[in-house]
Amino acid sequence: MSDSLEQIFVKQLKENQNIIHKICRLYTNGEDAHKDLFQEVTIQLWKAFPKFRGESKFSTWAYRVALNTAITLYRKSTRSISTVEFESRKHFISQEDYNHEEEEQIKLMYEAVQQLNDIEKALVFMYLEDKDYTEIAETLGITEVNARVKINRIKGKLKKILNP
Amino acid sequence: MEELDLLKKAWQKDTHSFEQVSEMEIYKMLHKKSSSIVKWILIISVLEVLLWTAISVLFNTDDYLKKFHSEDLIVYFRVLNYFNYAVIVGFIYLFYKNYVKISTTDSTKNLMKDILRTRKTVQYYVWYNLGMITVSMLFGFAMAFFYNPDMSVLKDRIAHESGHKTLFITCGVLLLTTVVFVGLFWLFYKLLYGILLRKLNNNYKELKKIDL
């Protein structure tokens, strides 16, 4: 019985792993930290899985747990920026069909996002994932109005980082 | 903001830049140990409860009282001991209740609140024990002062002095000892939980600021 639950979980996680990778890349620097956080998220997801009723999509449920793990449960500091991480970011940008200027803009923007604090990153993550304000507010436990205000402020902050 | 929407497009298309984790690797991860702060809080809390419970049980006043022939006081201490056990049981129940409430599927703010509450329960327990020990220490000194024959020199001096210099010095030393003792523990806990929960506290403050 528990074996089959494990199988279902592993399959679902494998299919939906990209959203977790995105969070790991946002909150860590370098490959080792990324893997470490991914593992912790996996453990937390597995712990919570028996209570997952399938009312929401697996990916929706999973990104919430992953964000909570990254912001709250994960112990390692994610502050310093290393050169290893710079390489992996380049990789993230250059695989798409953008012209050179756009590519550069995307890269700079992602670097600016990396400079935000943990909560701001969560808000940007959900914005990039195209989540509505109701869901964003509910996930973080803030009001919808304030989620909207905060995202606008973050946009201002990002603008400042890009054009100091 | 144009650049952010440009990133949004790239972000949503970005599905193949990650090294994919295989099913086998996920299976392996499931059996690894978690290193989350909740786990650390649990480990530290259990150690603290064991330590303080051991201290309060081993801190047996009976012998001390017998030494000064004040067995009549023993019954009061018995009552105090039972009270102490009740507090321990009550505390363990509270801690357990708070601990099982912690859920990663909750909103970030609630999750943080629950973790901090669980930690606070332990802190209150430690303060309770520290308080008890301080009171016992002061009481012990008072007992010694009144019943211990070695203290008669001090008693005589206080009684025969016109000013209250000796009395003040004695009280001062006692007070200072208590403050240093409690202060050291306060510092230890500040450091221990300060390091463990620095990130969580900062993020919690940041989150609360949004709703101000």
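Basis of the calculations
- Residues numbered from 1 in each chain as written.
- Chains lettered and ligands numbered in written order.
- Predicted model: local features only at pLDDT ≥ 70, side-chain atom pairs only at ≥ 80, totals over all residues.
- Helix = DSSP H or I, 4+ residues; strand = E, 2+ residues; numbered from the N terminus.
- Rg over C-alpha atoms; globule rule 2.2 N^0.38 Å.
- Buried ≥ 20, exposed ≤ 12 C-beta atoms within 10 Å, placed from the backbone.
- Contact = placed C-beta atoms within 7 Å.
- Domains from an automatic or database assignment.
- Nonpolar A, V, L, I, M, F, W, Y, C, P; charged D, E, K, R; others polar.
- Axes fitted to C-alpha atoms, helices over the stretch in contact; angles between N-to-C directions.
- Parallel < 35°, antiparallel > 145°, perpendicular 65-115°, else oblique.
- Core = buried A, V, L, I, M, F, W, Y, C linked by C-beta atoms within 7 Å.
- Expected span 1.5 Å × (residues − 1).
- Arc of directions from axis to C-beta.
- pLDDT = per-residue confidence, 0-100.
- Left-handed = near helix turned anticlockwise from the far one by under 90°.

Quick look at the overall build of chain B
- From N to C terminus, chain B includes eight helices and zero strands.
- Overall, chain B shows an N-to-C arrangement of helices and strands of α-α-α-α-α-α-α-α.
- A globule of 212 residues ought to have a C-alpha radius of gyration of about 17 Å, yet chain B, at 27 Å, is considerably larger.
- With respect to the three principal axes, the spread of C-alpha positions in chain B is 90 × 40 × 25 Å.
- The buried share of chain B, reckoned over its 212 residues, is 14%.
- When contacts within chain B are restricted to residue pairs at least 6 apart in sequence, those whose partners lie at least 24 apart make up 68%.

Examining the domain arrangement of chain A
All names here are of chain A.
- Domain annotation for chain A reports domain 1 (1-95) and domain 2 (100-164).
- Taken together, the elements giving at least two residues each to the side of domain 1 that touches domain 2 come down to helix H2 (17-27), helix H4 (58-73) and helix H5 (83-94).
- Taken together, the residues of the side of domain 1 that touches domain 2 sort by class into six nonpolar, one polar and two charged.

Side note on the packing of helix H8 (residues 133-140) of chain A against helix H9 (residues 144-162) of chain A
All names here are of chain A.
- Here H8 crosses H9 at 100°, and the two axes come no closer than 8 Å. When the interaxial angle is binned, H8 and H9 end up roughly perpendicular. Contacts between H8 and H9 involve Tyr133, Thr134, Ile136 and Ala137 from the first element and Glu144, Ala147 and Arg148 from the second.
- Residue composition of the contact of H8 with H9, by class: four nonpolar, one polar and two charged.

Details of the nonpolar core
Residue and element names in this part refer to chain A.
- By size, the foremost hydrophobic cluster in this structure holds 59 residues, and its most contacted members are Ile23 and Ala66.
- When residues are assigned to domains, this core turns out to be shared by domain 1 (1-95) and domain 2 (100-164), each giving three or more.
- Sequence-distant contacts of isoleucine 23, defined by excluding residues within four places in its chain, comprise Tyr63, Ala66, Leu67, Ala70 and Phe125.

Thoughts on unusual backbone geometry
- Even without being a glycine, A:Asp130 presents a positive backbone phi close to 65°.
- Looking at where A:Asp130 falls in the secondary structure, it is placed in the loop between helix H7 (118-128) and H8.

A look at the interface of chain A and chain B
- The interface is formed by 52 residues belonging to chain A together with 41 residues belonging to chain B.
- Taken together, the residues that form the side of chain A that touches chain B break down as 22 nonpolar, 17 polar and 13 charged.

Focus on helix H3 (residues 37-58) of chain B
All names here are of chain B.
- Over its 22 residues, H3 extends 31 Å from the first C-alpha to the last, a length consistent with the 32 Å expected when each residue adds 1.5 Å.
- Of the residues making up H3, those classed as buried are Ile41, Ser45 and Trp52. Here the buried residues of H3 occupy an arc of 45° about the axis, which is enough to place them on one side. Across from the buried face of H3, at angles greater than 90 degrees, the exposed residues are Ile43, Leu47, Leu50, Leu51, Ala54, Val57 and Leu58.

Some thoughts on the confidence of the model for chain B
Residues and elements named next belong to chain B.
- Within chain B, residue pLDDT values average 83, and 92% of them lie at 70 or more.
- Across chain B, the secondary-structure element scoring lowest on mean pLDDT is helix H4 (residues 62-67), at 62, and the one scoring highest is helix H2 (residues 23-30), at 92.
- Across the interface, the model reports ipTM at 0.84; the global pTM reads 0.82.

Examining the packing of H2(A) against H4(A)
Residues and elements named next belong to chain A.
- H4 packs onto H2 with a crossing angle of 20° between their chain directions and a minimal axis gap of 9 Å. By the angle between their axes, H2 is roughly parallel relative to H4. In this structure, H2 meets H4 at a crossing whose hand is right-handed. Along its contact with H2, which presents Ile19, Ile20, Ile23 and Tyr27, the element H4 presents Ser59, Ala62, Tyr63, Ala66, Leu67 and Ala70.
- Its residues assigned to classes, the contact of H2 with H4 comprises nine nonpolar, one polar and no charged.

Quick look at the environment of B:Tyr76
- Examined against the element boundaries, B:Tyr76 turns out to sit in helix H5 (residues 74-101).
- The spacing of B:Tyr76 and B:Thr170 is 94 residues in sequence and 27 Å in space, taken between C-alpha atoms.

Let's talk about the confidence of the model for chain A
- Averaged over all residues, the pLDDT of chain A is 86; the fraction at 70 or higher stands at 85%.
- A low-confidence stretch, residues 78-88 of chain A (pLDDT under 50), is modelled with twelve contacts involving residues beyond four sequence positions or located in other chains.

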